[in-house]
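Commentary on secondary and tertiary structure
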Amino acid sequence: MNAVDGAARPAYLRDIMSILPILIIPDPVLRRKAEPVAVVDDEVRRLLDDMLETMYDAPGIGLAAPQVGVLKRLVVLDVAHRESANENGEEAAQDVPPDPMFLVNPEIVWSSEETKTYDEGCLSIPDYYGEVERPARVRVAYLDRDGQPREVEADGVLAVCLQHEIDHLDGVMFIDHLSKLKRDLVTKKFIKQARRG
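From a predicted model like this one, the values you see are computed outputs, not experimental measurements. (Residues numbered from 1 in each chain as written. Predicted model: local features only at pLDDT ≥ 70, side-chain atom pairs only at ≥ 80, totals over all residues. Heavy atoms only, no water.)

Quick look at the side chain of S112 now. Structurally, S112 can be placed in the loop between β4 (101-111) and β5 (115-122). Here E114 takes part through its backbone oxygen, which lies 2.8 Å from a polar atom of the side chain of S112. When neighbours within four sequence positions are excluded, S112 is seen to be in contact with P135, A136 and R137. (Helix = DSSP H or I, 4+ residues; strand = E, 2+ residues; numbered from the N terminus. Polar contact = N/O pair within 3.5 Å; in protein donor to acceptor, adjacent residues only side chain to side chain. Contact = heavy atoms within 4.5 Å.)

Following this line, the structure appears as structure tokens:
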């Protein structure tokens, strides 16, 4: 079992980006399907930059636009620190430079039959983790920050992060992959917290 959770926060263009509020379950926006982005323009790039800064600040390794209340098919992620920590230990990973990815309209175009289980967490479900089984490898087609078509084939933490964030674009949370009992328990806990304010 491998862990997927927050990454150390690198200083990345901190002075020109904004930290956005991250929605927490049971916010209904998290359950809505995001719309495709028609044009990758300066407004979209600014949102991607703000999402990246928000993700680093949280800290996390991935963030989808619905998590900041924007129903657009946008994802940012940076698994460099987490992959290095898994391979070389946490201390060796401290000096790993950021390696952000910007994905516009990402789509999984292939998944392996082989699966792997990871202990996943989510910035929209703070301090809760659960074991999720997903395809071990995926290929994702997307537009980059400049609107150019790209594909990435991924395994390990990157494959998990891509699947987790693309799920968010369809209103799916990682707890939806858990048993109904576990899902209901965590949902009730956050509903109670939301009522208390």
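So, next bit.
Here the structure, examined in full by the defined rule, presents 12 salt bridges. A salt bridge links R46 to D50, with the shortest nitrogen-to-oxygen separation between them at 3.3 Å. With R46 and D50 both in helix α1 (residues 42-57), this residue pair falls four residues apart, about one helical turn. The partner of R134 in a salt bridge is E120, and the shortest N-O contact between them spans 2.7 Å. With R134 in strand β6 (residues 125-135) and E120 in strand β5, this residue pair connects regions lying 14 residues apart in the sequence. Each of the two residues, R134 as well as E120, counts as buried. Connected through shared salt-bridge partners, K33, R73 and D170 make up one network. (Salt bridge = Lys/Arg side-chain N within 4 Å of Asp/Glu carboxyl O. Buried < 20%, exposed > 50% of the residue type's maximum accessible area, 1.4 Å probe, protein only.)

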